[in-house]
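Residue strings, one per chain:
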Amino acid sequence: QFQKLNGSSRSILLAGNCLEDLPATVPIHLAIRLAENGKCLLIDFDSRRDSMAKIFEIDSSKMNRDLRVRPVPSPFDNLDIWPARFFDLLRQMNLRSLLDEANQKYDYIILYAPYLPCLPDRKQIAFRARQAIAFSRKDRDTTPLYTLLDDNKCKILLKS
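Treat the numbers as computed from the prediction; the structure is a model and nothing was measured. (Residues numbered from 1 in each chain as written. Predicted model: local features only at pLDDT ≥ 70, side-chain atom pairs only at ≥ 80, totals over all residues. Heavy atoms only, no water.)

Student: I would appreciate a short explanation of helix α1 (residues 25-35) in the present structure.
Tutor: Quick reminder: α-helices carry 3.6 residues per turn. Residues three or four places apart thus point the same way. If you check which residues of α1 are buried, you get Pro27, Ile28, Ala31, Leu34 and Ala35. Viewed end-on, α1 has its buried residues packed into an arc of 135°, placing them on one side of the element. Opposite its buried face, α1 presents the exposed residues His29 and Arg33, each directed more than 90 degrees away. (Buried < 20%, exposed > 50% of the residue type's maximum accessible area, 1.4 Å probe, protein only. Helix = DSSP H or I, 4+ residues; strand = E, 2+ residues; numbered from the N terminus. Arc of directions from axis to C-beta.)

Student: Looking at this model, I keep getting lost on the packing of helix α4 (residues 95-105) against helix α5 (residues 122-129). Mind explaining?
Tutor: How two helices pack is summed up by the angle between their axes together with the distance between the axes. The geometry of α4 relative to α5 is characterised by a closest axis approach of 10 Å and an angle of 30° between their N-to-C directions. Overall, the two elements α4 and α5 adopt an arrangement that is roughly parallel. Every pair of crossing elements has a handedness; the one defined by α4 and α5 is right-handed. Across from Leu95, Arg96 and Leu99 in α4, the residues of α5 making contact are Gln124, Ile125 and Arg128. Its residues assigned to classes, the contact of α4 with α5 shows three nonpolar, one polar and two charged. (Axes fitted to C-alpha atoms, helices over the stretch in contact; angles between N-to-C directions. Parallel < 35°, antiparallel > 145°, perpendicular 65-115°, else oblique. Left-handed = near helix turned anticlockwise from the far one by under 90°. Contact = heavy atoms within 4.5 Å. Nonpolar A, V, L, I, M, F, W, Y, C, P; charged D, E, K, R; others polar.)

Student: What is the right way to read helix α6 (residues 143-151) from this model?
Tutor: When α6 is considered as a whole, its buried residues turn out to be Leu145, Tyr146, Leu148 and Leu149. Along the axis of α6, the buried residues cluster in a sector spanning 160°; they form a single face. Facing away from the buried surface of α6 by more than 90 degrees, the exposed residues are Asp150 and Asp151. Close packing links the buried residues of α6 with β1 (11-16), α5, β6 (131-135) and β7 (155-159). Following α6 by one or two positions, Lys153 adopts a phi angle in the positive range, close to 55°.

Student: How do you make sense of the environment of Glu20 when you look at a structure like this?
Tutor: Position of Glu20 among the secondary structure elements: in the loop between β1 and α1. Exposure remark for Glu20: the relative accessible area of 54% places this residue in the exposed category. Taking the C-alpha atoms as reference points, Glu20 and Pro114, separated by 94 residues in sequence, lie 8.0 Å from one another. Other than its neighbours up to four places away in sequence, Glu20 contacts Arg137 and Arg140.

Student: Just to check I follow, could you spell out the nonpolar core for this structure?
Tutor: Buried together is how nonpolar side chains tend to be arranged in soluble globular proteins. Core analysis: the biggest nonpolar cluster contains 29 residues, and Leu13, Ile43, Phe45, Leu111, Leu116 and Leu149 have the highest contact counts within it. Not counting chain neighbours up to four residues away, the residues in contact with Leu149 comprise Leu13, Leu116, Ala126, Ala132, Ala134, Cys154 and Ile156. Ranked by size, the runner-up nonpolar core spans 21 residues in total, among them Leu14, Leu34, Leu79 and Tyr112. (Core = buried A, V, L, I, M, F, W, Y, C linked by side-chain atoms within 4.5 Å.)

Student: Just to check I follow, could you spell out the sheet that holds strand β4 (residues 79-82) for this structure?
Tutor: The strands that make up a sheet are held in pairs by hydrogen bonds between backbone atoms, and each pair lies either parallel or antiparallel. Read across the sheet, seven strands follow the order β3-β4-β2-β5-β1-β6-β7 without closing on themselves; strand pairing throughout is mixed. With one partner strand each, in any of the chains shown, β3 (72-73) and β7 form the two edges of the open sheet. Looking at chain direction, β1 and β6 are connected through four bridges and run parallel. Across the sheet, residue Gly16 finds its bridge partner in β6, namely Phe135. Of the strands in this sheet, β2 (40-44), β4 and β5 (108-113) touch α4, which is tilted by about 150° from β5. (Pairing = 2+ DSSP bridges.)

Rendered as structure tokens:
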């Protein structure tokens, strides 16, 4: 079903209300599975933990010699990671440019935002993603997450 998402754009935002609602294992398993069928980019917005870099043992504190930040290959074929720390290194996030370039190179793009309502660039992330799976425990107030996605025209495909 992921291949049918939003026509030619096969990117999706995995958005959580808070860290406990969306564990890092969810985007990892999805990305590994998708990489079996095409080239996949996993973009991490978990700047508190830089969890994808830690899990895949990527040193996200260094830039290339040409001062360009590029996705880092993972140990899995066809799976690249964009660590959260890269956004700090760039000092200004240009998600539009990143996604435009990634859409040319990748079959699938997963944006991992486990606490989307708390992120400084939350509106830009929701707007650029255009489609999301929203994660929240039933006992939590989902209003901030759902309102953010709705206000930025990010279609909620599934509520989990």
